[in-house]
Amino acid sequence: MFAHRIAAFTGPGDVRWAEVAEPAPGDGVVIDVAAAGVSFADLLQTQGAYQMRVPLPYTPGMDAAGVVRSGAGSGGSAGLRPGQRVAVLVPYGCWQEVISVPPERVLPLPDGMSFEVGAAAPLNYLTGLFALVRRARAQAGETLLVHGAAGGVGTAAVQLGKALGLRTIAVAGDETKREFALRCGADHAVLADGWLAAVRDVLGERAVDIVVDPVGSDRMTDGLRSLAPEGRLLVLGFALAAELWGRLVELWRTRALADPPVEVYPFADARGALRAIADRRALGKVVLSRITGAMIPVDGGAISSI
């Protein structure tokens, strides 16, 4: 099989698409990967700048979707069987054609959800749902402000806010991203330059109940200024709970939560996917897909078919 390999923390340019041995079944669930998510956290990992450093060499990728080949156990609340469509959430290792993961890291994929959407959902949407429901204890009718609203985490927060009945205001870096946030379900969207005054123009005397901030920097100070009494500011990281998958799926099944918007790259083009995130060109969640059947040049011009 083929996998993306990182031998040094030098960023996207040194990601290698290489042939490696398939994982041994062991005690894990062996899954044929159809699609894998790409996130800002993956970019940081390739640069050695993420909160948790992984041992070199390694294969990146925290979330994926595919089909169970073998292995037994329970993922979420349902048993696993060969041929079952599933999503996975792990610290790294998803950017390869076959993976072996612990059963507790496997999440049943509902009928009708595509592999690309399944690969886009676990990391960002479970984190966002945990933050809004568990930490912020969001209530329908409250006002949610989302920074970085056109990125993977921001898009998840906007869509989840809509699904939970929140009035959502998106903050985006340019006009294209502002319009994208509105298409994702934001009630209002403002540009990052002068955002606090723009938000006050939208809300009038009312202040913000919840701020989701995956950007940080100077946004946090003004984020605090925007809050109502007893308001909550959430700095999203890597805290999540697997049991929230059932609630996320139910929101999706009832159509309260729309499909995550994804930008799909051929599975072998992790470099291009990471560069899109690094250059802040990505809208929504970036996903590597083996379903595209694309052929691309890799590592010095060789052609790889996926």
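Before going into details, it helps to say that this report is about the structure given with it.

### A few points about the nonpolar core
Thinking step 1. In this structure, Leu129, Leu132, Leu160, Val212, Leu234, Trp245 and Leu248 are the most contacted members of the largest nonpolar core, which totals 56 residues.
Thinking step 2. At eight residues, helix α3 (residues 122-135) tops the list of elements feeding residues into this core.
Thinking step 3. Those residues within four positions of Leu132 in sequence are excluded, and the remaining contacts are Arg137, Ala138, Leu144, Ala157, Leu160, Gly161, Leu164, Ile210, Val212 and Leu234.
Thinking step 4. Val15, Tyr58, Val88 and Val90 belong to the second-largest nonpolar core, a separate cluster that totals 33 residues.

### Focus: a nonpolar patch on the surface
Thinking step 1. A contiguous nonpolar patch, built from Met220, Leu224 and Val235 and spanning about 270 Å² of accessible area, is present on the exposed surface.
Thinking step 2. Structurally, the position occupied by Val235 is in the loop between β14 (227-234) and α8 (245-253).
Thinking step 3. Overall, Val235 belongs to the exposed group, its relative accessible area being 53%.

### Observations regarding the pairing of strand β16 (residues 285-289)
Thinking step 1. Most of β16 is tucked away: five of the five residues are buried.
Thinking step 2. With burial as the criterion, each face of β16 is covered, one bearing Lys285, Val287 and Ser289 and the other bearing Val286 and Leu288.
Thinking step 3. Judged from the four bridges that link them, strand β3 (residues 29-38) and β16 form a sheet pairing that is antiparallel. Note that in β16 the partner of Gly37 across the bridge is Val287.
Thinking step 4. By the bridge criterion, five bridges tie strand β15 (residues 262-266) to β16 in an arrangement that is parallel. Each residue of the ladder has a partner; that of Tyr265, found in β16, is Leu288.
Thinking step 5. A crossover connection joins β15 to the parallel β16 through helix α9 (residues 270-278); in handedness this β-α-β unit is right-handed.

### Description of the packing of aromatic side chains
Thinking step 1. Under the criterion given, the structure shown has four aromatic pairs.
Thinking step 2. Relative to Tyr58, the ring of Phe9 has its centre 6.5 Å away and its plane inclined at 45°; by these criteria the two rings are tilted. Placement of Phe9 in the loop between β1 (2-5) and β2 (16-19) and of Tyr58 in the loop between α1 (40-46) and β4 (63-70) is noted, with a sequence separation of 49 residues between them.
Thinking step 3. Looking at Phe9, the relative accessible area reads 22%, which means it is partly exposed.
Thinking step 4. Geometrically, the ring pair formed by Trp17 and Phe267 is edge-to-face, given 6.0 Å between the ring centres and 65° between the ring planes. Here Trp17 is found in strand β2, whereas its partner Phe267 is found in the loop between β15 and α9, with 250 residues between them in sequence.
Thinking step 5. Taking the relative accessible area as the measure of exposure, Trp17 reaches 7% and is therefore buried.
Thinking step 6. A relative accessible area of 0% places Phe267 in the buried class.
Thinking step 7. The structure contains a cluster of three or more aromatic residues connected by ring pairs, namely Phe2, Trp17 and Phe267.
Thinking step 8. Of note, Arg85 hangs over the ring of Phe115, and the distance from its end group to the ring centre comes to 4.8 Å.
Thinking step 9. Sitting over the face of the ring of Trp252, Arg255 holds its NZ or CZ atom 5.2 Å from the ring centroid.

Here is what the cut-offs are and how they apply
- What you see as residue numbers is a count from 1 along each chain, following the sequence as written.
- Only residues with pLDDT of 70 or above have their local features reported here, since the model is predicted, and side-chain atom pairs are shown and tallied only from 80 upward, although totals for entire chains, interfaces and linings are computed over all residues.
- With hydrogens and water excluded, all non-hydrogen atoms of the structure serve as input to the side-chain values.
- Residues grouped as a nonpolar core are buried Ala, Val, Leu, Ile, Met, Phe, Trp, Tyr and Cys residues, joined through side-chain atoms within 4.5 Å.
- Whether a residue is buried, partly exposed or exposed follows from its accessible area with a 1.4 Å probe, protein chains only, as a fraction of its type maximum: under 20%, in between, or over 50%, in that order.
- Secondary structure elements are taken from DSSP: a helix is a run of H or I of four residues or more, a strand is a run of E of two residues or more, and numbering for both begins at the N terminus.
- In this analysis, two residues are considered to be in contact whenever any of their non-hydrogen atoms come within 4.5 Å of each other.
- The patches reported here contain residues having more than 30% relative accessible area and no salt bridge. Joining distances are 9 Å for like charges and 5 Å for nonpolar side chains (Val, Leu, Ile, Met, Phe, Trp, Tyr).
- In these tables, accessible area is a Shrake-Rupley quantity obtained with a 1.4 Å probe, and a residue counts as shielded only by the protein chains included in the view.
- The term salt bridge refers to a pairing of a side-chain nitrogen on Lys or Arg with a carboxyl oxygen on Asp or Glu at a separation within 4 Å.
- In this description, strands pair whenever DSSP reports at least two bridges between them.
- A clockwise path from the first strand over the helix to the second, with the strands pointing away from the viewer, defines a right-handed crossover.
- Stacked, edge-to-face and tilted labels apply to pairs of Phe, Tyr and Trp rings (six-membered ring for Trp) whose centres lie within 6.5 Å, assigned for plane angles under 30 degrees, over 60, and everything in between, in that order.
- Throughout this description, the term charge over a ring refers to an Arg CZ or Lys NZ atom that lies within 6 Å of the ring centre and within 35 degrees of the ring normal.

These figures capture arrangement, not role.
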